[in-house]
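Structural overview for review
These are the residues of each chain, in order.
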Amino acid sequence: MRTTSVCLLVALFVVAAVAIPVPDKNAETLRYDNDVNADSYSYQYETSNGISAQEAGELKATGGEASALAVRGTFSFTADDGQVYTVNYIADENGFRPEGDHLPKE
């Protein structure tokens with residue numbers, strides 16, 4: 001089950017990396033912090049082109065020997081139209097649930 005959690009974690013990183021546009025390939029990292037433990041992690045960063053993100057995740061018991069990765073995070077970027085877009089999200093055993101003013105509501 002731990003392998004499944006690690007695969008989910010890697011998949012979430014890939015989704016976050018692909019979801020954030022890169023308007024300036026020469027952007028510099030202004031701030032970067034991370035903390036990785038056996039059952040939790042967190043990171044945050046900010047770049048000179050206005051991209052920022054932070055995320056924290058931890059393994060949580062789901063009953064018996066099973067566990068699931070529970071993640072909360074947010075990322076922001078400035079789009080080509082000059083608008084700053086922010087997405088807050090939760091990803092856990094119930095799926096990926098993003099929220100943002102620019103995203104459709106169910």
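Overview of the structure. (Residues numbered from 1 in each chain as written. Predicted model: local features only at pLDDT ≥ 70, side-chain atom pairs only at ≥ 80, totals over all residues. Heavy atoms only, no water.)

Regarding its fold elements, the chain presents one helix and six strands. In sequence order, the secondary structure elements of the chain are arranged as α-β-β-β-β-β-β. Out of the 106 residues in the chain, the part that is buried amounts to 26%. Taking the contacts inside the chain whose residues are at least 6 apart along the sequence as the reference set, 26% of them involve residues at least 24 apart. Of the roughly 7200 Å² of accessible surface on the chain, 52% is carried by carbon and sulfur atoms. (Helix = DSSP H or I, 4+ residues; strand = E, 2+ residues; numbered from the N terminus. Buried < 20%, exposed > 50% of the residue type's maximum accessible area, 1.4 Å probe, protein only. Contact = heavy atoms within 4.5 Å. Areas by Shrake-Rupley, 256 points an atom, 1.4 Å probe, with all protein chains shown as cover.)

This part takes up the side chain of Glu-55. If you trace the backbone, Glu-55 turns up in strand β3 (residues 52-63). For the buried Glu-55, no salt bridge is present, and the opposite-charge side chain at shortest range is Arg-72, 11 Å distant. (Lys, Arg positive; Asp, Glu negative; His and termini not counted. Salt bridge = Lys/Arg side-chain N within 4 Å of Asp/Glu carboxyl O.)

Position of Tyr-85 relative to the elements: it lies in strand β5 (residues 84-92). Separated by 15 residues in the primary sequence, Tyr-85 and Gly-100 place their C-alpha atoms 7.7 Å from one another. Residues contacting Tyr-85, with those up to four places away along its chain left out, are Phe-75, Ser-76, Phe-77, Ala-79 and His-102. For Tyr-85, the side chain forms a polar contact with the side chain of Asp-81, separated by 2.9 Å. (Polar contact = N/O pair within 3.5 Å; in protein donor to acceptor, adjacent residues only side chain to side chain.)

The subject of this paragraph is the sheet that holds strand β4 (residues 66-78). Strand order in the open sheet made by the six strands is β1-β2-β3-β4-β5-β6, with antiparallel pairing throughout. Looking along the sheet, the strands with just one partner apiece sit at the ends: β1 (29-36) and β6 (95-99). Mean inter-strand twist for the sheet, computed between neighbouring axes without regard to direction, equals 10 degrees. (Pairing = 2+ DSSP bridges. Axes fitted to C-alpha atoms, helices over the stretch in contact; angles between N-to-C directions.)

Checked against the element boundaries, Asp-92 lands in strand β5. Looking at Asp-92, the relative accessible area reads 14%, which means it is buried. Here the alpha-carbon distance between Asp-92 and Lys-60, two residues 32 residues apart in the chain, equals 9.4 Å. Ignoring any residue separated from it by four or fewer positions in sequence, one finds Asp-92 in contact with Leu-69, Ala-70 and Arg-97. A polar contact of 2.8 Å, which involves the side chain of Asp-92, links it to the backbone nitrogen of Asn-94.

On to the nonpolar core. Core analysis: the largest hydrophobic core is formed by 13 residues, its most contacted members being Tyr-41, Val-71, Phe-75, Phe-77 and Tyr-89. Elements represented by at least two residues in this core include exactly β2 (40-47), β4 and β5. (Core = buried A, V, L, I, M, F, W, Y, C linked by side-chain atoms within 4.5 Å.)

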